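Chain by chain, the residues run as shown.
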Amino acid sequence: MKVLKFGGSSVASSESINKVIRIVKESSQTTKIAVVVSALGGITDVLLDAGNLACEGNEKYKNSLKIIEDKHLQVVRELIPINHQSGVLGTIKKMLNKLENILEGVFLIHELSNKTSDKIVSFGELFSSFIIAKAMENNNLDVILKNAQELIVTDENFSNAAVVFSSTEKNIQNFFESNKHKIVVVPGFVAKTEKGEISTLGRGGSDYTAAIISAATNATVLEIWTDVSGMYTANPKFVKQAFPINNISYQEAMELSHFGAKVLYPPTIQPVLEKEIPIHIKNTFYANAEGTLITKISSNKNPIKGISHIENMTLITLEGSGMIGIPGFSKRLFDALSQKKINISLITQASSEHSICIAINTSDTELAKASINSEFNYEMEQHKLDALLVEKNNAIIALVGDSMKSHQGISGKMFSTLGKNNVNIRAIAQGASEKNISAVIAHKDIKKALNTLHSKFFEGQTKQLNLFVVGVGNVGGKLLQQIKKQQQYLMENLKLQVRVIGIANSKKMLFQEDGIDLENWKKPLEKAEILNMDLFHKKVTALNFRNSIFIDNTANENIANLYATYLKESVAVVTCNKIACSSSYSNYLNLKSLSRKYNAPFLFETNVGAGLPIIDTLKNLIVSGDKVTKIQAVLSGSLNFVFNNFNEKISFFDVVEQAGIQGYTEPDPRIDLSGVDVMRKILILARESGTKMEISEIYNNSFLPKPCLEANSITDFMETLKSEAAHFNKIYQKATKNNCRLKYVAEFNNGKAKVGLKEILQEHPFYNLDGSDNIVLFFTERYPVQPLIIKGAGAGADVTASGLFADIIRIGNN
């Protein structure tokens with residue numbers, strides 16, 4: 001014989017009940033079955049509300065009664081053919097009249113005892129079991145309805161009655177031994193006392209009913225049908241990659257259930273556990289899904305079966321020097337909470353006996369605080385104990401698995417994984433059996449912690465990167481294209497899942513929690529909300545994704561000033577914006593410090609040389625013990641493009657304009673042509689080589705005439721390039737006469753830096769630098785004569801985007 005239990009979600013509507021009937025029909029082909037049903041979805045809560053309203057003398061209880069009536073009559077009319085409805089409807093209405101009489105009595109006397117409450121809530125299962133049995137009859141199934149109140153006997157602890165197993169087992173065995181029908185429908189949750197009074201089995205009561213019947217009849221399996229496909233590796237509402245566990249042990253199932261997995265209520269499965277009857281969790285709405293089989297010993301070899309959590313926890317710490325060496329403090333603490341019926345979810349105590357830390361549900365905080373303060377009032381007044389430390393807004397996460405004890409390093413891997421993602425652990429608990437490793441974390445970090453641990457232990461080392469991109473024009477648009485093109489490659493070859501969660505241009509910002517479609521982002525962005533960088537930051541931090549990366553593709557100082565706020569939230573920063581790293585030396589150091597403190601990478605390879613590995617090479621020289629003595633470089637792709645294309649046939653104005661069109665210059669070309677951009681770059685290289693320097697210390701030998709330098713706008717500046725054409729022509733002619741080419745050179749030597757336009761002779765490495773290429777010569781103690789040379793494209797949207805992309809992948813591979 002098999003026992004099938006269907007929860008409220010499985011019998012919430014006529015449509016779902018028809019699915020139940022199909023499942024039952026198929027199961028009954030090969031064996032007799034008992035079908036235990038809960039009340040229709042949501043009805044138990046409505047019954048409780050009705051009772052409470054009636055007790056308060058509130059006539060709105062009649063509205064609740066009407067909801068109950070309408071719901072059941074509707075289900076009957078949808079399930080039962082019209083020519084068979086009258087008898088069923090008549091019985092339901094008689095039951096409704098009984099319920100109405102009880103509620104009216106409660107309303108009149110303004111009293112609702114647990115005993116009366118049991119009578120009221122029991123109607124839910126009595127309604128549903130009667131309707132479902134009749135629907136099965138009308139589907140020509142061999143079915144009988146058996147009221148569980150005639151089988152299960154309890155004590156008189158109403159609302160949470162204890163089962164009298166000797167009488168109950170005898171009743172169940174006698175009935176099922178004599179039963180000739182293939183299918184027996186039984187209402188869950190309900191029972192009667194030895195005196196015949198209606199009682200209920202408390203939380204998880206329908207599961208308990210099914211387990212009791214399974215144990216008494218030695219069923220081959222207990223199937224619990226619900227609205228999920230088994231017990232999952234994590235809560236799928238928080239972890240999209242979570243998947244059903246195919247096989248798990250009883251102990252593991254109870255651990256996961258205790259820590260928030262709602263499929264089972266641990267105390268209810270005790271009867272089948274003792275008889276070693278398998279439990280199969282199945283999905284009513286996807287009946288062919290494998291589900292989760294719960295057995296004494298699991299065949300699943302993964303040492304970790306699941307990651308679970310409990311929300312809304314408060315940490316309470318009792319500590320003080322007066323506790324050391326004094327027995328009884330723990331007992332008194334637990335007794336104080338027990339007397340107030342406060343459940344403790346986690347306990348941890350220092351070996352010094354200086355403190356005890358417990359975790360309780362936040363709803364019990366004030367009651368617990370008052371009870372503990374009362375119990376230890378004397379010790380606190382004598383300063384033997386410190387004032388109680390109460391910390392709200394916490395949660396417990398737990399790794400669960402029977403085999404963890406035989407696998408070294410699991411707890412270390414758990415804590416290091418959380419630490420790398422800046423999830424702070426407030427308390428830790430682990431039993432000697434090592435079936436469960438629990439940690440208390442901030443409530444806001446639940447999603448990040450669950451996803452981080454799930455990725456580490458269940459996803460084949462796949463790492464998810466969550467990007468927030470500001471600036472999606474020239475460079476940013478190319479970056480999104482490159483990410484789209486490489487997403488599959490990165491997943492298959494580097495195990496990196498790269499998602500773009502938020503984007504912004506100068507006007508709008510768009511967020512999509514499951515990732516923005518990189519094939520179609522322009523139109524949604526046009527219709528998105530107005531850009532507000534403070535709100536953008538709040539959204540990033542509220543999402544609190546693991547491996548979050550803020551990417552700045554702008555030249556905006558206000559955005560550069562936000563980097564510190566992101567780093568403090570453990571959000572990595574990748575930027576081609578040179579303003580932050582070329583700002584004050586103290587700010588540069590602060591950003592570096594925040595990056596280390598909060599384990600949030602701060603990468604700016606594209607600040608110098610676009611996609612060229614200039615900064616990375618410099619870092620490698622420094623960390624390997626080399627020392628930079630001199631740097632010579634052409635660092636402006638835009639200026640190199642300008643002077644490579646400027647000649648007697650094309651005006652200086654036309655070349656600069658063309659450079660802007662091709663994306664080589666900054667949006668404001670004055671930044672490039674004034675030398676400020678190159679000053680920023682050589683400053684960054686000097687700082688990265690270990691020199692303390694401010695931009696004001698760099699000598700700038702500008703080639704621009706005074707009218708250009710004094711222009712108040714971009715338009716005025718471009719006009720001066722026309723009016724000062726003779727000045728630029730003279731510079732070109734002089735260089736040509738000397739058989740030289742013009743290059744804008746940056747130099748760093750003996751702790752000093754300068755930038756300026758130079759005539760380069762034919763034998764110099766800079767002479768043949770074409771297009772918008774950059775070149776850097778590093779002279780070091782290891783390269784004193786022949787410098788280390790890096791050369792290549794140093795400007796343009798594609799190469800800058802590729803440099804940003806490389807920094808993103810560096811973070812992923814770290």
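All figures in this text were calculated on a predicted structure; none of them were measured in a lab. (Residues numbered from 1 in each chain as written. Predicted model: local features only at pLDDT ≥ 70, side-chain atom pairs only at ≥ 80, totals over all residues. Heavy atoms only, no water.)

Chemist: Explain the side chain of K448 to me, please; I cannot follow it from the model alone.
Modeler: Its location among the elements puts K448 in helix α14 (residues 446-458). Excluding residues within four positions of it along the chain, K448 makes contact with N421, V423, N544, F545, R546 and E569. (Helix = DSSP H or I, 4+ residues; strand = E, 2+ residues; numbered from the N terminus. Contact = heavy atoms within 4.5 Å.)

Chemist: I'm lost on the sheet that holds strand β14 (residues 355-361) in this one. Help?
Modeler: Sheet strands pair by backbone hydrogen bonding; their relative direction is either parallel or antiparallel. Reading across the sheet, the 6 strands line up as β13-β14-β12-β15-β17-β16 and stay open at both edges, with antiparallel pairing between neighbours. Edge positions in the sheet fall to β13 (344-349) and β16 (425-430), since each of these pairs with one other strand and no more. Pairs of neighbouring strands in the sheet enclose a mean axial angle of 30°, with direction left out of account. Summarising the sheet, β16 and strand β17 (residues 436-442) pair through 5 bridges and their orientation is antiparallel. Across the sheet, A429 pairs through a bridge with S438, a residue of β17. Packing against the sheet, helix α10 (residues 329-339) makes contact with β12 (306-319), β13 and β14, and its axis sits at approximately 15° to β14. (Pairing = 2+ DSSP bridges. Axes fitted to C-alpha atoms, helices over the stretch in contact; angles between N-to-C directions.)

Chemist: I would appreciate a short explanation of helix α21 (residues 614-623) in the present structure.
Modeler: Structurally, the α-helix is built with 3.6 residues per turn, so residues lying three or four positions apart point the same way. What α21 keeps buried is the set I614, I615, T617, L618 and L621. With its buried residues spanning 160° around the axis, α21 presents them on a single face. Residues of α21 that are buried make contact with β25 (628-634), α25 (676-688), β29 (773-780) and β30 (788-793). Immediately beyond the C-terminal end of α21, within one or two residues, lies G625, with a positive phi of roughly 100°. (Buried < 20%, exposed > 50% of the residue type's maximum accessible area, 1.4 Å probe, protein only. Arc of directions from axis to C-beta.)

Chemist: Can you help me understand the packing of helix α15 (residues 474-494) against helix α29 (residues 797-813) in this one?
Modeler: To describe two helices that pack against each other, one gives the angle between their axes and the distance between the axes. As a packed pair, α15 and α29 sit with axes 9 Å apart at the nearest point and diverge in direction by 40°. Taken as axis vectors, α15 and α29 run oblique relative to one another. Where α15 crosses over α29, the handedness of that crossing is right-handed. For the pair formed by α15 and α29, the contact residues are N474, V475, K478, L479, Q482, I483, Q486, L490 and L494 on the first element and A797, D798, T800, A801, S802, L804, F805, I808, I809 and N813 on the second. Looking at side-chain class alone, the contact of α15 with α29 contains 11 nonpolar, 6 polar and 2 charged residues. (Parallel < 35°, antiparallel > 145°, perpendicular 65-115°, else oblique. Left-handed = near helix turned anticlockwise from the far one by under 90°. Nonpolar A, V, L, I, M, F, W, Y, C, P; charged D, E, K, R; others polar.)

Chemist: Got a minute to help me understand the environment of V88 in this structure?
Modeler: Topologically, V88 is positioned in helix α4 (residues 85-109). For V88, a relative accessible area of 5% puts it in the buried group. Sequence-wise, V88 and V76 are 12 residues apart; in three dimensions their C-alpha atoms are separated by 7.5 Å. Leaving out residues up to four positions away in the same chain, V88 has contacts with V76, F130 and K134.

Chemist: Hey, could you run me through the sheet that holds β29 in this one?
Modeler: Spatial ordering of the open sheet is given by β26-β28-β27-β25-β29-β30, a layout of 6 strands whose pairing is mixed. Whereas interior strands pair on both sides, the edge strands pair on one side only; in this sheet they are β26 (699-701) and β30. Neighbouring strand axes in the sheet, compared pairwise and without regard to direction, differ in orientation by 15° on average. Bridge count between β25 and strand β27 (residues 741-749): 4 bridges; the pairing is antiparallel. For Q632, the partnering residue across the bridge sits in β27 and is E747. Along the sheet, α21 contacts β25, β29 and β30; its crossing angle with β29, the most-contacted strand, is approximately 10°.

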